[in-house]
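Summary of structural features
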Amino acid sequence: MNLKNILNNFLWRKEEKYDFTLCQSKNSNNANYIDDQLNLPENMFNSLSDNINIIKSRFNSMINTDIIIREFYININQRKIKAFIIFIDGMVDLNLVNNYILKPLMLNTTNNSENKILKESNKKNNKFTRSKKIFLEQSISNTLLPQNNIKKQRSFSEIISSINSGDCALFIDSLPFAFDLDVKGFKQRSISTPNNEVIIKGPQEAFVENLRTNTSMLRRIINNENLIIENVNIGKITKTKCAICYMRNIANDDLIAEVKYRINNLEIDSLLASGQLEQLIANENYIGIPEIISTERPDKTTKYLLQGRVIVIVNGCPYSIIMPGLFIDFMSSPEDSNIKPYFANFLRLIRLLSLTITLLLPGIYVAITNFHQEILPTELLNSILSARQSVPFPVIFEILIMEISFELIREAGVRVPSPVGPTIGIVGALVLGQAAVSANIVSPILIIIVALTGIASFAIPDFSFGFHLRIFRFAFIVLGYIAGFLGIGIGIFVYISNLCSIKSFGVSYLVPYAPKEDSNKNGYIIPPIWKQEFRANYLSTKRKEAQEKISMKWRYK
Amino acid sequence: MDKTKLGTFEAITLILSFVVAHTVLSLPKALVDVTKSSTLLNILYITVLAVIFVYLICFLFKKFPGMDILDISEYLGGKIFKNIVGFIFIFYFVISACIFLRNFAECLEIVYYPSTDIIFIVLFFIISIPITSKLNFNASLRANLIIVPLVLMSIVFLFFANIRYFTPQRIFPILGNGFKDTFIVGLTNIYSFSGIALIYFLPPLLKEPSKLTKLSVTGIIISSIYLLFVVSLILFMFPVFVSLDEVLPLYTIATYVEFGSFFQRLESVFLLIWLISFACYLSIIANFSFKIFKKITLIKDTKPIIYPFAILALGIALLPKNYAISKMYETKIYPYIMIGIVFFVSLALLLIAYIKKRKGEKLNE
């Protein structure tokens, strides 16, 4: 080591910072580039080597470690035919692949009796083509693949899509198509209880991430062939499978067509969850109120299906989305139909009260303390004033501190790992609340207001709707601070007008109240179940009657 | 179906909204000032006249299915005449709404915002006009469907909450200042049914035009019942010769409401409901003015004129120098403008158009 190096090491060292910058090419569009580069042919070739080259190139089999391509020979009538299968490791049931694809093809193909029968029948029957290809295809399909779901795919794009979704493809030399074998076997979550829409009385199962499991749950509950489940793929890259579900004999054709029209006209690369789809197909509104119901409950979904609404389930997301979504739906809970109407209506009134409290209470508090003190009884006013005496901040600052703190606690409570969850509640509610009052940052009455608002917001059954109210609460706080009841009144009017202008899939949001329409007892107040004879008019269903005029016939026999 | 078509309930509440907005101001007191203790009798009398008048309008409209007063005026005197009639109605709507707004803002200033400049209070209402007008025509009409019942309920609540202060004997003498004052001078009280002005524009807007007569008469009868409640409150609670607080008489009455020791002063809550209904009334006026303007100028979209209209409304509302002047307009000038335009000019126009149509039909026969 020379002197220079020693000096460099101890005295001065050139700073070598690792700096990576992503090069941005001005004209490149990566997605188009990949597609152009591959230039995938539409249909498959007769030559197996051509097909395998294209498949290998498409799946980047040299890099992708989970792409399994197995080449082998099939023996048919002492003739060796080259073939290969391709599947994605982890998405298929390897047992099925080994025992019911590879084993029959590789081991049991020597002059078995069925092949002979097939050969003879082909000879006798002139209708059958005697070409070798057809014989090969039939003998493989009918005798060598003991699978219940086999499709012949001629285009590369279709077979690639099937492989991506967990199927196994079988390519055989001289055949210009591939066998698409359903051997899906990936690990998935089993059906569990709903986490976010908990009810006391009623079914306790929730959707899962698998589309077919979800549609099977709907089929199982509805148990009627008029339930239509149409599949569509959304996303140029992900080609996410979605199921559009509706009751053919109940749902309005225009509504179904509108949902399909919007879904089929989406030009996006990927769709990962139903929340994204919800945003993509709903109308824009200024106040960000949800126009589509989202639920994890199959029973709730079924209820809406039977009302004549259209449902969409996205593969990979344990939520269904329901269209159209109206104001009264967001204030309803799945439990309402499982309890007596008196209790259900009481709960609905409580929810309406909770909506008012969530939206207006902090704003009204600010308005009263700043402008309309006379509304309070003298004793209460005195106690509020004495409680606020030592608080150095104006009311608006005080309430904003507490409301934002509450939002922080709520957000942290959602994100925090579950073992630490209760700590957040203790820290938030007890320590922060108590400490803030003791430190004279906020008054005790304000803690009550914020707590009441928070509790009321939890009583809103729909998360998105509750979120909307939480945001608009701040607007009313500001309006109350600026102009008291004048500001709040104008705010309420603008808010109601906005609600009145919204349409969800052609249905007015505040129906059946504004515009006033005959809801056939499908309004906010629930009648007894025997009185629910008709479906709501505003959905213009094909089948108006929901049950017989006298549903409890036992009473009259 | 046309997206702006109105249902029966919407149309009825539309007619009511004008009366509601006016009663929040000084209408009930103005009625009592004219006819004193015979005001209730007078209201019944003018209700009968208003119903007959509405029947007559609806009968005349039957000859012109699906047409409003502008179409009829075009039929009668061509496009120029249609424009004149259109501008008369815009003038009536805008001027009356702006002056009512000024009065209401003045009252709010006196009651709650003594240190606030009037422009800020007026501005709050004016801001709501472009916001709601940009939504769609139906938005404020449907909002009205929710708000008007609330106002009606608030008045019924006021009535029953104050019933212990009532002195029913105050309706005597039943003829007030005499027959002449009740039935001849009191005839001018018919201006309280200001919602009739909208009936001239309803036929093309209705989902079921055949129900025009039914809904118009229903609207007038409900307005009448509402007026009876409101006037009863004033009449039974205060002696007619005692000058009631000139600022928002209904607000003064609301200050008397108390339930136990907790709910002692609920007038702010009532005022909240009334100011929502007043904002709704302004928005309806703006929407109808835009609709008329669109019809006479044949513009495709009214959105570009929303802000100029709002600025114009702000300017007009700030024109009166003080509350006394704007109040004088409301109580002394407005009734005659309303009666002139709604009861005389429009009716005469309809009658002439009817005669022309009849003559045309006879000639064709």
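Residues numbered from 1 in each chain as written. Chains lettered and ligands numbered in written order. Predicted model: local features only at pLDDT ≥ 70, side-chain atom pairs only at ≥ 80, totals over all residues.

**Comments concerning the overall build of chain A**
A count of helices and strands for chain A gives 18 helices and 12 strands. Counting all 557 residues of chain A, 34% fall into the buried class. A separation threshold of at least 6 residues defines the contact pool for chain A, and within that pool the share at least 24 residues apart is 65%. (Helix = DSSP H or I, 4+ residues; strand = E, 2+ residues; numbered from the N terminus. Buried ≥ 20, exposed ≤ 12 C-beta atoms within 10 Å, placed from the backbone. Contact = placed C-beta atoms within 7 Å.)

**Thoughts on the overall build of chain B**
Along its length, chain B carries 13 helices and zero strands. Going residue by residue from the N terminus, the α and β elements of chain B occur as α-α-α-α-α-α-α-α-α-α-α-α-α. For 365 residues, the compact-globule estimate of 2.2 N^0.38 gives 21 Å, and chain B sits close to it at 21 Å. Expressed as a percentage of its 365 residues, the buried residues of chain B come to 47%. (Rg over C-alpha atoms; globule rule 2.2 N^0.38 Å.)

**Digging into the pairing of strand β4 (residues 168-172) of chain A**
All names here are of chain A. Across the five residues that make up β4, a large majority, five, are buried. Neither face of β4 is open: one carries C168, L170 and I172, the other A169 and F171, and all of them are buried. Looking at chain direction, strand β2 (residues 79-88) and β4 are connected through four bridges and run antiparallel. What sits directly across from A83, in β4, is I172. The pairing of β4 with strand β5 (residues 178-181) spans four bridges and is antiparallel. Bridge assignment links C168 to a residue of β5, and that residue is L181. (Pairing = 2+ DSSP bridges.)

**Looking at the interface of chain A and chain B**
With 26 residues of chain A at the interface, the matching set in chain B holds 33 residues. Looking at the side of chain A that touches chain B, its residues break down into 17 nonpolar, seven polar and two charged. (Nonpolar A, V, L, I, M, F, W, Y, C, P; charged D, E, K, R; others polar.)

**Focus on the pairing of β2 of chain A**
Residue and element names in this part refer to chain A. Where strand β1 (residues 67-76) meets β2, 10 bridges bridge the pair, whose relative direction is antiparallel. For R70, the partnering residue across the bridge sits in β2 and is I85. Hairpin connection, β1 to β2: the antiparallel pair is bridged by two residues, and N77 has positive phi, about 50 degrees.

**Observations regarding the sheet that holds β4 of chain A**
Residues and elements named next belong to chain A. Taken in spatial order, the five strands line up as β1-β2-β4-β5-β3 in an open sheet, and their pairing is antiparallel. Taken across any chain shown, the strands that pair with only one partner, and hence form the sheet edges, are β1 and β3 (150-153). Pairs of neighbouring strands in the sheet enclose a mean axial angle of 25 degrees, with direction left out of account. (Axes fitted to C-alpha atoms, helices over the stretch in contact; angles between N-to-C directions.)

**Considering unusual backbone geometry**
Residues and elements named next belong to chain A. Along the chain, V511 connects to P512 via a cis peptide bond; the corresponding omega equals 10 degrees. Within the fold, P512 resides in the segment after β12 (507-508). Residue P515 is bonded to the preceding A514 through a cis peptide linkage, with omega at 5 degrees. Examined against the element boundaries, P515 turns out to sit in the segment after β12.

**A few points about the confidence of the model for chain A**
Scored by pLDDT, chain A comes out at a mean of 86, with 90% of its residues at no less than 70. Segment residues 126-130 of chain A is flagged for pLDDT under 50; beyond a separation of four residues in sequence, or across chains, it makes three contacts in the model. (pLDDT = per-residue confidence, 0-100.)

**Concerning the packing of helix α5 (residues 118-133) of chain B against helix α12 (residues 303-318) of chain B**
All names here are of chain B. Running from amino to carboxyl end, α5 crosses α12 at an angle of 155 degrees, the nearest separation of the two axes being 10 Å. By the angle between their axes, α5 is roughly antiparallel relative to α12. Along this stretch, α5 crosses α12, giving a crossing that reads as right-handed. Only I306, Y307, A310, A313, L314, A317 and L318 of α12 make contact with α5, whose side of the interface consists of I119, V122, L123, I126, I129, P130 and S133. Among the residues forming the contact of α5 with α12, the class breakdown is 13 nonpolar, one polar and no charged. (Parallel < 35°, antiparallel > 145°, perpendicular 65-115°, else oblique. Left-handed = near helix turned anticlockwise from the far one by under 90°.)

**Let's talk about the environment of V511 of chain A**
In this structure, V511 of chain A sits in the segment after β12. Between the C-alpha atoms of V511 of chain A and S57 of chain A, which are 454 residues apart in sequence, the distance is 56 Å.

**Focus on the packing of helix α18 (residues 463-501) of chain A against α5 of chain B**
Running from N to C, α18 of chain A and α5 of chain B point in directions that differ by 10 degrees, and their axes come no closer than 10 Å. Comparing their axes, α5 of chain B and α18 of chain A come out roughly parallel. For the pair α18 of chain A and α5 of chain B, contact is made by A483, L486, G487, I490, F493, V494 and S497 of chain A and by I121, F124, F125, S128, I131 and T132 of chain B, respectively. Broken down by class, the residue content of the contact of α18 of chain A with α5 of chain B amounts to nine nonpolar, four polar and no charged.

**Some remarks on the domain arrangement of chain A**
Residues and elements named next belong to chain A. Once the domains are mapped, chain A shows domain 1 (39-181), domain 2 (211-325) and domain 3 (341-508). Distance between the C-alpha centres of domain 2 and domain 3: 34 Å. Between domain 2 and domain 3, the contact holds 15 residues from the first and 13 residues from the second. Among the elements that take part in the side of domain 2 that touches domain 3, helix α9 (residues 253-264) stands out by supplying three residues, more than any other. The residue inventory of the side of domain 2 that touches domain 3, partitioned by class, reads eight nonpolar, five polar and two charged. (Domains from an automatic or database assignment.)

**Quick word on the nonpolar core**
The biggest cluster of nonpolar side chains holds 199 residues, and the ones touching the most others in it are L101 and L282 of chain B. Looking at this core, the element that brings in the most residues is helix α11 (residues 267-297) of chain B, giving 19 residues. Mapped onto the domain boundaries, this core takes at least three residues apiece from domain 2 (211-325) and domain 3 (341-508) of chain A. In this structure, I52, F84, F87 and A178 of chain A belong to the second largest nonpolar core, which totals 30 residues. (Core = buried A, V, L, I, M, F, W, Y, C linked by C-beta atoms within 7 Å.)

**Thoughts on the sheet that holds strand β9 (residues 310-314) of chain A**
All names here are of chain A. One open sheet accounts for five strands, arranged β6-β7-β9-β10-β8; its pairing is antiparallel. The sheet is open, and its two edges are formed by β6 (227-234) and β8 (293-295), each paired on a single side. Taking the axes of each pair of neighbouring strands and ignoring which way they run, one obtains an average angle of 25 degrees across the sheet. Relative to strand β10 (residues 320-323), β9 is paired through four bridges, and the arrangement is antiparallel. What sits directly across from V312, in β10, is I321.

**Regarding the confidence of the model for chain B**
With 96% of its residues at a pLDDT of 70 or more, chain B shows a mean pLDDT of 90. Predicted as a complex, the structure gets a pTM of 0.87 and an ipTM equal to 0.94.

**A word on helix α4 (residues 69-111) of chain B**
Owing to its 3.6 residues per turn, the α-helix aligns residues three or four sequence positions apart on the same side. Here α4 of chain B is 43 residues long, yet its end C-alpha atoms lie only 40 Å apart, well below the 63 Å a rise of 1.5 Å per residue gives. Its maximal kink placed at G77 of chain B, α4 of chain B deviates by approximately 135 degrees. (Expected span 1.5 Å × (residues − 1). Bend = angle between axes of the 7 residues up to and from the residue.)

**With respect to the environment of T423 of chain A**
Tracing the backbone shows T423 of chain A in helix α16 (residues 421-438). Spatially, the C-alpha atoms of T423 of chain A and I460 of chain A are 25 Å apart, while their sequence positions differ by 37 residues.

**Brief notes about the environment of I339 of chain B**
Residues and elements named next belong to chain B. The residue I339 is located in helix α13 (residues 323-364) in this model. In sequence terms I339 and S192 are 147 residues apart; their C-alpha atoms lie 9.7 Å from each other. Non-local contacts of I339, meaning those with residues more than four positions away in its chain, are made with T188, I190, Y191 and F344.

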